[in-house]
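Below, each chain spelled out in residue letters.
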Amino acid sequence: MYDEYGLFAYGGYNGIGLSDFETALEQIINKNLEYKPDKALKTYSDLYRINDISCETGNYYTLDEDKVFLGQISDYIITSAANNVKDYFQGKEKKNKDISMDGLLDEAEKYEDGAYDTDNSVESENSCNNNDGKKNEKPSEDELDEQLKNDSAGGNPLKALKNLINNGLLSLVCDVSKVSTAKIQAADQDFYSKEKEDNNSSAAKFFKSLLEGEESQELDQDKLLEQAKSESNTDKLKYIYYAEDVLSSYVDSKFNTVHYGLEYLIAGKETEKENLAYTARRLLVIRTLANMLYVSTNASFQSKSLATATAIVGFTGIVPLITGMQWLILTILAFEEACIDVTALMAGKKVPLIKSPANFKMKYEEICSVSHSFFKKKGKSYPKAGGEIISTDISYKQYLLLLELLVSKEKFKNRLIDIIQFDLRERFNQTFEFRDCICAAECITSYNIPYAFSYINNGLFNKIKTKKANKSITASYSYVDDVWK
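Quick notes on the rules
Residues numbered from 1 in each chain as written. Predicted model: local features only at pLDDT ≥ 70, side-chain atom pairs only at ≥ 80, totals over all residues. Heavy atoms only, no water. Helix = DSSP H or I, 4+ residues; strand = E, 2+ residues; numbered from the N terminus. Buried < 20%, exposed > 50% of the residue type's maximum accessible area, 1.4 Å probe, protein only. Areas by Shrake-Rupley, 256 points an atom, 1.4 Å probe, with all protein chains shown as cover. Patch = residues over 30% accessible without salt bridge, like charges linked within 9 Å, V, L, I, M, F, W, Y side chains within 5 Å. Salt bridge = Lys/Arg side-chain N within 4 Å of Asp/Glu carboxyl O. Phe/Tyr/Trp six-rings, centres within 6.5 Å; stacked < 30°, edge-to-face > 60°. Pairing = 2+ DSSP bridges. pLDDT = per-residue confidence, 0-100. Contact = heavy atoms within 4.5 Å. Disulfide = S-S within 2.5 Å. Arc of directions from axis to C-beta. Polar contact = N/O pair within 3.5 Å; in protein donor to acceptor, adjacent residues only side chain to side chain. Lys, Arg positive; Asp, Glu negative; His and termini not counted. Charge placed at Lys NZ, Arg CZ, Asp CG, Glu CD. Axes fitted to C-alpha atoms, helices over the stretch in contact; angles between N-to-C directions. Parallel < 35°, antiparallel > 145°, perpendicular 65-115°, else oblique. Nonpolar A, V, L, I, M, F, W, Y, C, P; charged D, E, K, R; others polar. Left-handed = near helix turned anticlockwise from the far one by under 90°.

K.L.:
Help me out: how do you make sense of the overall build of the protein in this one?
P.N.:
Tallying secondary structure elements over the protein gives 19 helices and five strands in all. For the protein, the proportion of its 485 residues judged to be buried stands at 47%. On the protein, roughly 24,100 Å² of surface is accessible, and the fraction owed to carbon and sulfur atoms is 48%.

Shown next as structure tokens:
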């Protein structure tokens, strides 16, 4: 445990516990008493005639207790010269505009649900009329496809998205055939919780389930950066430091039993694949929201998306519907750019926090022709992670740090213990119990010392009834000096 994780304790395997500690201490005391210094006539035990030695444990601390675990982690951090987690995010660029998806997709969702399929779904005062004064009717699917061939999108972005997400979000950003599917034995109470599935019945419903509600607010990139800068819980930061140094993630080539340990700290799911998928999904949310800031202000994207939206739902003449469809198309574009970003992040690249014309990879004309191989090819132009920590680009592991800040300290600690225990069990001893490891103990040692000349049984000494002194001494042993304070 010390070699692998820099942690020191007694027992915790093969049933070794307090009683074994007491026995071991008695043996140590006896061994020391039997020591004979150079040129000495007798050993220490013969000199003082100490006998009836027994050891009992008073107060004790196990490795999973905060003050003990944090004490050892603090020593580890000092030894490894870890930097403050805030430094990872100082100097990051701050965006000035916020995007809220609330209500923008409602009309597009109604269209996809068939609210505008019949002639009477469009009120005459809002309808578009042709030159003969007749109301425009909704084009058939084949007619719409033919019409969209001449649009700059080159097809229907709604159809393209549904085909894209058909095999799950994780398949968009990495090769799922190479992802670990191993299960992790854990004691976290929330271990078996399952993530809510996205609603893929329509493009609008998909983005509502992905981007709207509390999660999108929690995962707002600005708020995460601000939380990182202002984080004051030093105990939690110590856990984060330590985890970053001893556990691996998807982008690491070296790992122990668990491939995606850092992702498990964030997700706490049953399998490695679930933990990676959970993390990838959150990165897609963060990057889509960040990319929306750019696409919503790009004049070219605005005009082209409006043309595509008009081609799809312009027959209705309903302005809010056309606007809602335009926003849905822009969201699809931002999401596909996010797929490029996350693919690059998971390939060990760094991506810009804020997008600009110089670093936005998607062309509007490519919105209907994307795939994982497409995202992978586009992401290759991003720089490799490493080098200067403080920059306007951010890496996969730096995003993990942001997500780790959202996990409560108690959950984070328990999941960290889960990983260490699972790894040491798999590689060394299946009986290992992290929470049974003793790191500090108060030991009460009792013993007898005969009085001087107590072996004389006649004369005056015969009248002395007590011929020995019962004594005890309490000593505290711990890996961390201040654990008893």
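K.L.:
Looking at this model, I keep getting lost on a nonpolar patch on the surface. Mind explaining?
P.N.:
Taken together, the side chains of Tyr-35, Tyr-44 and Tyr-48 make up a nonpolar region of the molecular surface, amounting to roughly 330 Å² of accessible area. Along the chain, the position of Tyr-35 falls in the loop between α2 (18-33) and α3 (44-48).

K.L.:
Just checking my understanding: could you explain unusual backbone geometry for this structure?
P.N.:
If you check the backbone angles, Asn-14 has positive phi at about 55° while not being a glycine. In this fold, Asn-14 is placed in the loop between α1 (2-5) and α2. Of note in the backbone geometry, Lys-39 takes a positive phi value of approximately 70° without being a glycine. Relative to the helices and strands, Lys-39 is located in the loop between α2 and α3. Residue class for Lys-39 comes out exposed when judged on its relative accessible area of 85%.

K.L.:
I'm lost on the packing of aromatic side chains in this one. Help?
P.N.:
The geometry of two aromatic rings is summed up by the distance between their centres and the angle between their planes. With the rule as written, the count across this model stands at 14 aromatic pairs. Relative to Tyr-242, the ring of Tyr-76 lies with its centre 5.1 Å away and its plane at 80°, an arrangement referred to as edge-to-face. Pair noted here: Tyr-76 is in helix α4 (residues 66-80) and Tyr-242 is in helix α12 (residues 234-246), with a separation of 166 residues, a long-range link. In this structure Tyr-242 comes out as buried when scored by relative accessible area, which is 0%. Taken together, Phe-69, Tyr-76, Tyr-239, Tyr-242, Phe-432 and Phe-434 form an aromatic cluster joined through their ring pairs.

K.L.:
I tried to follow the pairing of strand β4 (residues 438-450) on my own but got confused; where do I start?
P.N.:
Direction of pairing for strand β1 (residues 51-62) relative to β4: antiparallel, over a ladder of eight bridges. Its bridge partner lying in β4, Ser-54 is registered against Ser-446. Pairing of β4 with strand β5 (residues 468-478) involves eleven bridges; the strand directions are antiparallel. In the sheet register, Asn-448 faces β5, and the bridge partner there is Asn-470.

K.L.:
Looking at this structure, I do not really get the confidence of the model for the protein. What am I missing?
P.N.:
Low-pLDDT stretches of the model should not have their predicted coordinates read in fine detail. Looking at the protein, pLDDT values average 83 and 79% of them are 70 or higher. Contacts of residues 81-85 to residues separated by more than four positions or lying in other chains number eight contacts, the stretch itself having pLDDT below 50. Across residues 119-134 the pLDDT falls below 50, and counting only partners more than four positions away or on other chains, this stretch makes 24 contacts in the model.

K.L.:
Got a minute to help me understand the pattern of salt bridges in this structure?
P.N.:
Working definition: two side chains of opposite charge can pair if their charged atoms are close together. Going through the model one piece at a time under the given rule, you end up with 22 salt bridges. With a closest N to O distance of 3.5 Å, Glu-146 and Lys-149 form a salt bridge. Taken together, the residues span about one helical turn, with Glu-146 and Lys-149 both in helix α6 (residues 141-149) at a distance of three residues. Taking the relative accessible area as the measure of exposure, Lys-149 reaches 56% and is therefore exposed.

K.L.:
Just checking my understanding: could you explain the state of the cysteines for this structure?
P.N.:
Joining two cysteines, a disulfide is a covalent bond between their sulfur atoms. This model, assessed by the stated rule, comprises zero disulfides. In this structure Cys-443 is not part of a disulfide, and its nearest cysteine sulfur, from Cys-55, lies 6.9 Å away. Looking at Cys-443, the relative accessible area reads 2%, which means it is buried.

K.L.:
Explanation requested: helix α7 (residues 157-164) in the structure shown.
P.N.:
Every α-helix winds through 3.6 residues per turn, so residues three or four apart in the chain are directed the same way. Every buried residue of α7 is accounted for by Pro-157, Leu-158, Ala-160, Leu-161 and Leu-164. Taken down its axis, α7 places every buried residue within 160° of arc, on the same side. Buried-residue contacts for α7 involve α5 (106-112), α8 (170-173), α9 (203-211), α15 (299-313), α16 (319-346) and α17 (372-379). Capping of α7 at its N-terminal end is provided by Asn-156; its side-chain oxygen lies 3.0 Å from the backbone amide nitrogen of Leu-158.

K.L.:
Would you mind going over a positive patch on the surface with me for this structure?
P.N.:
Taken together, the side chains of Lys-178, Lys-376, Lys-377 and Lys-380 define a basic patch exposed on the protein surface. Among the secondary structure elements, Lys-376 is positioned in helix α17. A relative accessible area of 48% places Lys-376 in the partly exposed class.

K.L.:
Could you clarify how one ought to interpret the sheet that holds β5 in this entry?
P.N.:
Strand pairing in a sheet is mediated by backbone hydrogen bonds. Such pairs are either parallel or antiparallel. Taking strand neighbours across the sheet as the criterion, the three strands line up as β1-β4-β5 in an open arrangement whose pairing is antiparallel. Edge positions in the open sheet fall to β1 and β5, since each of these has one partner strand only. Geometrically, the sheet is characterised by an average inter-axis angle of 15° between neighbouring strands, direction not taken into account. Relative to the sheet, α2 contacts β1, β4 and β5, its axis offset from that of β1 by approximately 135°.

K.L.:
Is there a simple way to explain the packing of helix α14 (residues 272-295) against helix α18 (residues 396-404) in this structure?
P.N.:
The axes of two packed helices give the description: the angle between them and the distance between them. Relative orientation of the contacting elements α14 and α18 amounts to 95°, with a least axis distance of 11 Å. The angle between α14 and α18 falls in the class roughly perpendicular. Along its contact with α14, which presents Leu-276, Thr-279, Arg-282, Leu-283, Ile-286 and Arg-287, the element α18 presents Tyr-396, Tyr-399, Leu-400 and Leu-403. Grouping the constituent residues of the contact of α14 with α18 by class yields seven nonpolar, one polar and two charged.

K.L.:
Teacher, can you tell me more about the packing of α6 against α15 here?
P.N.:
At a minimum axis distance of 10 Å, the contact between α6 and α15 shows a crossing angle of 160°. Classified by the angle between their axes, α6 and α15 sit roughly antiparallel to one another. Considering the relative orientation of α6 and α15, their crossing is right-handed. The residues of α15 that touch α6, namely those facing Leu-144, Gln-147 and Leu-148, are Thr-308, Ala-311 and Ile-312. For the contact of α6 with α15, the residue count by class is four nonpolar, two polar and no charged.

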